[in-house]
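Residue strings, one per chain:
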Amino acid sequence: MHKIFKDRVRATLVSEHRNLFSQDAVDPQELKSAISMILQEVIAREKAAVSEEDRTRLIKELLEEFVGYGPIDSFLKDTAVTEIMINGPKRIFIEKNGKTELTGVSFDDDRQLMSLVHKILSPTRRRVDESYPFTEVSLSDGSRVNIVIPPLSLDGPVLTIRKFLKEIRKIEDLVNLNTMTAQMAEFLVACVRGKINIIFAGATGAGKTTTLNVLSSYIPNTERIVTIEDTAELRLNQDHVVRLESRQPNIEGKGEVSIRQLFHNSLRMRPDRIILGEIRGAEALDLLQAICSGHTGSLAVLHADSPQDVIYRLETMILTSGVPISLEAIHRQIAASINVLVQQEQLSDGSRKVTHIAQIHGLQNGQAVVEDLFSYTIEGFDQEARVLGRWQATGIFPAFFQKFKELGITLSEDIFRKI
């Protein structure tokens, strides 16, 4: 009976009180009054006995649905929850404190879950329907949402929400979270200020975009920054930021704008910095060529399992772009343009670590040479299965260290000495 009342109140609210939702922001008190009034009318019409407890719970659920995000509203507010995975209406998983767990909450049915999907999409230019049954968007706080609906998903709508962690803003926050050492942090901040070209690599959920976002805050406020993303996630606070986002095709299959097209256009915007949300294809060669032509200080994200794998991924992307270019020329371009690789991983205990900071230093036998400057070694586990390990400088000195001196950036040489 609870679900029947809820469906009727929801339907009446949407059909008879549209004015509530035409405002820029719904007034929770006004909405609560409308829900209470409609519920009372439905109960009176049905001549049903509803306890005060059920009445209060129903009003609360509908308020969360219309003002917040329904059953998952509390997870979005919980700072310990980093990811929400909705596998159809009845199975909701969360990642909390690095561990994935099945929750006890659920949506009533596919229809309620699709209402959430449409609510998420309504402020954006994105859509999902039978002709385009998947998309990716960002919430207003920067959290990223991936959506797949039937017929592609067989058990109802599937949503994966990667939350934007507001409490991670400065490099000290990553040090305090034990993501890297203070020496590594000092080096990476110097790299950003010194316009060193950096690729942040790792698997999905490793935290590489968060690390990029934190380090991008150290770009001087005087520089013009252009960000290019499939789904806008980056949150930069500098004054002179141009944010570009790719566009999916319309219902007629036209109007698509790719990352590569946006990248070509960005070069005409006189950027001091280009930040590429993710390298996925032929834009890899465009980025390397742009850096070689003077667009230094570029930052980019790439999915790869190791620093050496970054080289292989770039190589494959360029070879499949259709541009006639030899393997040696590709590696020469990589060696001439990319300076630093930051490899990040999510370990078995859920913690996120920068496991390698490497430099690309010249060619050997026609291949770009990757050298670790810092690396993380797992040494064992404690009684609670937490990873025990340590970071160590390898003793290799950055080939571009002189650039720091030329720009007046103070950085101790001692941090690179092997102990």
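Residues numbered from 1 in each chain as written. Predicted model: local features only at pLDDT ≥ 70, side-chain atom pairs only at ≥ 80, totals over all residues. Heavy atoms only, no water.

### Describing the overall build of the protein
Each helix and strand in the protein was counted, giving 13 helices and 15 strands. Looking at the protein as a whole, 49% of its 419 residues qualify as buried. Restricting to contacts in the protein with at least 6 residues of sequence separation, those with at least 24 account for 55%. Working note: accessible area of the protein is about 20400 Å², and carbon and sulfur atoms make up 50% of it. Between the averaged position of the 50 positive side-chain charges in the protein and that of its 56 negative side-chain charges there is a distance of 2 Å. (Helix = DSSP H or I, 4+ residues; strand = E, 2+ residues; numbered from the N terminus. Buried < 20%, exposed > 50% of the residue type's maximum accessible area, 1.4 Å probe, protein only. Contact = heavy atoms within 4.5 Å. Areas by Shrake-Rupley, 256 points an atom, 1.4 Å probe, with all protein chains shown as cover. Lys, Arg positive; Asp, Glu negative; His and termini not counted. Charge placed at Lys NZ, Arg CZ, Asp CG, Glu CD.)

### With respect to helix α12 (residues 327-337)
Residues of α12 that are buried include every one of Ala329, Ile330, His331, Gln333, Ile334, Ala335 and Ser337, and no others. Contacts from the buried residues of α12 go to α10 (283-292), α11 (307-319), β13 (352-364) and β14 (367-381).

### What to know about the sheet that holds strand β7 (residues 198-202)
The sheet built from nine strands is open, its strands ordered β9-β8-β10-β11-β7-β12-β13-β14-β15 with mixed pairing. The sheet is open, and its two edges are formed by β9 (241-245) and β15 (387-393), each paired on a single side. Here the strands of the sheet are splayed against their neighbours by 25 degrees on average, with no regard to which way each runs. Bridge count for strand β12 (residues 340-346) against β13 is seven bridges, and the pairing is antiparallel. In the sheet register, glutamine 344 faces β13, and the bridge partner there is valine 354. (Pairing = 2+ DSSP bridges. Axes fitted to C-alpha atoms, helices over the stretch in contact; angles between N-to-C directions.)

### Focus on the packing of α11 against α12
Helix-helix packing is characterised by the crossing angle of the two axes and by the distance between the axes. Axis separation between α11 and α12 bottoms out at 10 Å; the angle between their running directions is 125 degrees. Here α11 lies oblique to α12, going by the angle between them. Remark: the crossing between α11 and α12 carries right-handed chirality. Across the interface between the two elements, Ile311, Leu314, Glu315, Ile318 and Leu319 from α11 touch Leu327, Ile330, His331 and Ile334 from α12. Of the residues contributing to the contact of α11 with α12, the split by class is seven nonpolar, one polar and one charged. (Parallel < 35°, antiparallel > 145°, perpendicular 65-115°, else oblique. Left-handed = near helix turned anticlockwise from the far one by under 90°. Nonpolar A, V, L, I, M, F, W, Y, C, P; charged D, E, K, R; others polar.)

### Let's talk about empty space enclosed by the protein
Using the criterion set out here, one finds one cavity of 30 Å³ or more in the structure. Taken as a whole, the largest cavity spans an internal volume of roughly 30 Å³. Forming the walls of the largest cavity are Thr209, Leu212, Glu229, Glu233, Leu234, Gly277 and Val301. Residues belonging to the lining of the largest cavity are distributed by class as follows: three nonpolar, two polar and two charged. (1 Å grid on protein atoms, 1.4 Å probe; cavity = no way out; pocket = protein on both sides within 12 Å on 5 of 7 lines; lining within 4 Å. Points joined across faces, edges and corners; volume = space filled by probe spheres on them.)

### With respect to the state of the cysteines
A complete count under the given rule lists zero disulfides for this structure. Cysteine 191 takes part in no disulfide bond, and the closest cysteine sulfur, belonging to cysteine 292, lies 18 Å away. (Disulfide = S-S within 2.5 Å.)

### What to know about the pattern of salt bridges
This structure, assessed with the given rule, holds 19 salt bridges. Glutamate 328 is the partner of arginine 332 in a salt bridge, and the nearest nitrogen-oxygen pair spans 3.4 Å. Remark: glutamate 328 and arginine 332 occur in helix α12; sequence separation between them is four residues, near one turn of the helix. Taking relative accessible area as the criterion, arginine 332 reaches 45% and is therefore assigned partly exposed. Residue aspartate 414 is joined to arginine 417 by a salt bridge in which the shortest nitrogen-to-oxygen separation is 3.0 Å. Because the salt bridges share partners, they merge into one network encompassing Lys405, Glu413, Asp414 and Arg417. (Salt bridge = Lys/Arg side-chain N within 4 Å of Asp/Glu carboxyl O.)

### Some details on the pairing of strand β5 (residues 144-148)
Relative to β5, strand β4 (residues 134-138) runs antiparallel, the two being bridged by five bridges. The partner of valine 137 across the bridge, within β5, is valine 145. A loop of five residues connects β4 with β5, the two strands running antiparallel in sequence, and glycine 142 in this loop sits at a positive phi of about 100 degrees.

### Structural notes on the side chain of aspartate 73
Relative to the helices and strands, aspartate 73 resides in helix α4 (residues 73-77). In this structure the side chain of aspartate 73 is engaged in a polar contact, spanning 2.9 Å, whose partner is the backbone nitrogen of tyrosine 69. (Polar contact = N/O pair within 3.5 Å; in protein donor to acceptor, adjacent residues only side chain to side chain.)

### Comments concerning the packing of aromatic side chains
All told, the structure shown has 12 aromatic pairs when counted by the stated rule. Seen in terms of ring centroids, phenylalanine 187 and phenylalanine 374 are 6.0 Å apart; in terms of plane orientation they differ by 45 degrees. Their pairing is tilted. Taken together, the residues span a long stretch of sequence, with phenylalanine 187 in helix α7 (residues 182-193) and phenylalanine 374 in strand β14 at a distance of 187 residues. With relative accessibility at 4%, the residue phenylalanine 374 sits in the buried group. Their ring planes at 75 degrees and their centres at 5.6 Å tell us that phenylalanine 397 and phenylalanine 416 sit as a pair that is edge-to-face. Of this pair, phenylalanine 397 sits in the loop between β15 and α13 (401-406) while phenylalanine 416 sits in the segment after α13; the two residues are 19 residues apart in sequence, bridging distant segments of the chain. Judged by its relative accessible area of 36%, phenylalanine 397 is partly exposed. Through successive ring pairs, a cluster of aromatic residues spans Phe187, Phe374, Phe397, Phe400, Phe401, Phe404 and Phe416. Above the plane of the ring of tyrosine 69 lies lysine 119, whose end atom (NZ or CZ) is 5.6 Å from the centre. Taking the ring centre of tyrosine 218 as reference, the NZ or CZ of lysine 170 above it sits at 5.4 Å. (Phe/Tyr/Trp six-rings, centres within 6.5 Å; stacked < 30°, edge-to-face > 60°. Lys NZ or Arg CZ within 6 Å of the ring centre and 35° of its normal.)

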